Amino acid sequence: MNNLVLDQKLGDAVEVSDYVANGSFESLRLNVFTSSAKGYAVLVRLVDHNAGWTGPFSYVDRSSYEYLRKSRLSEGDVVVANVGANAGTVFRVPNLGMPTTLGPNSIVCRPRDLDQVDKTYLYYYLAGPVGQSLIAGIISGSAQPKFNKTSFRQLPISLPPIRQQRGIAEVLGALDDKIAANTKLAKTSADLAQALFAASMRAADHEVALSEVTELLSRGVAPKYSEAEDTVVVLNQKCIRDQRVNLDPARRTIASKVGRNKMLKMDDVLVNSTGQGTLGRVARWTNSDNATVDSHITIVRFDPAKADPVCAGMALLASQTTIEEMGEGSTGQTELSRTELGKLRIRLPERSRQAELGERIASMSEMESALLSENQTLAATRDTLLPQLMSGKLRVKDAEKVLENAGV
């Protein structure tokens, strides 16, 4: 490892604080007041990071913010969740346009000397495989995983010279910046497609039951998981969120166990069909890869002779709130049958307009898919470079060439 200073204690290099550093539980109860109504400062929580900083936020008034002086946050501060199922998750505080202060169940880490520790390098170190492995080693408790500040401060950190830290941070940050820009552009494409479809619906009065315009309305397969060569991707309900398909949680199942009609086709619509909180999520399949879904997801395949698949898919996306309320059964065992889903009535533009509208929306969807696909490649590049840069096996200038070849 070139010029690498090993095994310095994290607590010697960074200050660590949290919500409870401001006082006892009783004093916090008496002096801190939170509200969902917009207040003086945002009380930053892991859920805000997980929601992409789109809210809804929790706020505190000015007197509470001043009381929480030991856990005030600045843009770029590194936060680590230390209590709960996601203990160990590392994120950075964005600019929210107003003061921010840390909520419970997380710790904030700040370099003691910015000429010794780069804040962005610190984030990548803790979020990378070495940092995550070290944090996992101090987490205890199965029912309520957690770790304390004292154990965290004892973790080792590898600190190359500050110039090298900044170079590493710049390389990895460039990839994350590109991913963020692509994500924003993809969301814009999706929003435009939805706005275009919504505008076309203002004059529409054509309403049909879903079962009248589909050629397939069926649950997926019971997977036989395998990583052998003769397998295909199988999506589960975690893959469907925010009306998009994310292949990261997908696994693979034996291909010979999947019927031909259960293999996904372009413009199929996937509907989560079990479980409170997940039931009703909808996404269009706009990928050409070989894939199927598990038995918790319903495949909706439109009959092109009866409805344009793209327009009808958009109509189903617009019905997500209604679908979420169609589940039956007790809490925790909620189910949406294909029979009930087939009864759902959707509104469509006049048949004569569907083809043109569908073509325009499909073009926007293609752009969205291409951007998100590029993000997967960029994320894989970042995850490959990160441990090599951190260990000194790859020089910054060589990593910069990788970025140049990737067009970043």
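For the structure, check the block above.
Residues numbered from 1 in each chain as written. Predicted model: local features only at pLDDT ≥ 70, side-chain atom pairs only at ≥ 80, totals over all residues. Heavy atoms only, no water.

**Q** Describe the packing of aromatic side chains, and please don't skip the residues or the numbers.
**A** Per the counting criterion, the structure on display carries six aromatic pairs. Between tyrosine 121 and tyrosine 125, the aromatic rings sit 6.4 Å apart at their centres with planes inclined by 25°, giving stacked as the arrangement. Separated by four residues within a single helix, tyrosine 121 and tyrosine 125 lie in helix 5 (residues 119-127), roughly one turn from each other. In this structure tyrosine 121 comes out as buried when scored by relative accessible area, which is 1%. The ring of tyrosine 225 has arginine 251 sitting right over it, with the charged end atom 3.8 Å from the ring centre. (Phe/Tyr/Trp six-rings, centres within 6.5 Å; stacked < 30°, edge-to-face > 60°. Helix = DSSP H or I, 4+ residues; strand = E, 2+ residues; numbered from the N terminus. Buried < 20%, exposed > 50% of the residue type's maximum accessible area, 1.4 Å probe, protein only. Lys NZ or Arg CZ within 6 Å of the ring centre and 35° of its normal.)

**Q** Explain empty space enclosed by the protein to me, using residue names and the numbers behind them.
**A** Across all of its chains, the model carries one cavity of 30 Å³ or more by this definition. In this structure, the largest cavity occupies an estimated 30 Å³ of space. Around the largest cavity sit Tyr124, Tyr125, Gly128, Pro129, Val130, Leu386 and Met390, which together line it. Breaking the lining of the largest cavity down by element, the ones donating at least two residues are helix 5, helix 6 (129-138) and helix 12 (351-391). In terms of residue class, the lining of the largest cavity is built from six nonpolar, one polar and no charged. (1 Å grid on protein atoms, 1.4 Å probe; cavity = no way out; pocket = protein on both sides within 12 Å on 5 of 7 lines; lining within 4 Å. Points joined across faces, edges and corners; volume = space filled by probe spheres on them. Nonpolar A, V, L, I, M, F, W, Y, C, P; charged D, E, K, R; others polar.)

**Q** Could you give an account of the nonpolar core, with specific residues and numbers?
**A** Nonpolar side chains tend toward joint burial in soluble globular proteins. Formed by 38 residues in total, the largest nonpolar core has its most connected members in Val80, Leu122, Leu126, Phe152 and Leu389. Each residue touching phenylalanine 152, except ones within four places of it in the same chain, is listed here: Leu10, Val16, Val80, Ile107, Cys109, Leu126, Ile135, Ile138 and Phe147. (Core = buried A, V, L, I, M, F, W, Y, C linked by side-chain atoms within 4.5 Å. Contact = heavy atoms within 4.5 Å.)

**Q** Can you lay out the layout of surface pockets for me, pointing to particular residues and giving the numbers?
**A** Approximately 250 Å³ is the volume attributed to the second largest pocket. Considered class by class, the residues forming the lining of the second largest pocket number seven nonpolar, five polar and two charged.

**Q** Before we move on, can you summarise the sheet that holds strand 2 (residues 14-18) with the specific residues and values?
**A** A sheet is described by the order of its strands in space; here four strands give the open sequence 2-10-7-8, paired in antiparallel fashion. Since the sheet does not close on itself, it has two edges, and those belong to strand 2 and strand 8 (90-92), each with one partner. Ignoring strand direction, the axes of neighbouring strands in this sheet form an average angle of 30°. Looking at chain direction, strand 2 and strand 10 (residues 106-111) are connected through five bridges and run antiparallel. Its bridge partner lying in strand 10, valine 14 is registered against proline 111. On the sheet, helix 5 packs against strand 2, strand 7 (78-81), strand 8 and strand 10 and is oriented at approximately 155° with respect to strand 8. (Pairing = 2+ DSSP bridges. Axes fitted to C-alpha atoms, helices over the stretch in contact; angles between N-to-C directions.)

**Q** Before we move on, could you go through the pattern of salt bridges and cite the residues and values that matter?
**A** All told, the structure shown has 17 salt bridges when counted by the stated rule. Residues aspartate 48 and arginine 45 are paired through a salt bridge, measuring 2.8 Å at the closest nitrogen-oxygen approach. The exposure class of arginine 45 is partly exposed, given its relative accessible area of 25%. Ionic pairing is found between lysine 187 and aspartate 191, a salt bridge with its closest N-O pair at 2.9 Å. Highlighted residues: lysine 187 and aspartate 191, both in helix 8 (residues 162-201), separated by four residues, approximately one helical turn. Taking relative accessible area as the criterion, lysine 187 reaches 44% and is therefore assigned partly exposed. It is possible to trace a salt-bridge network through shared partners that takes in Asp77, Arg110 and Lys119. (Salt bridge = Lys/Arg side-chain N within 4 Å of Asp/Glu carboxyl O.)

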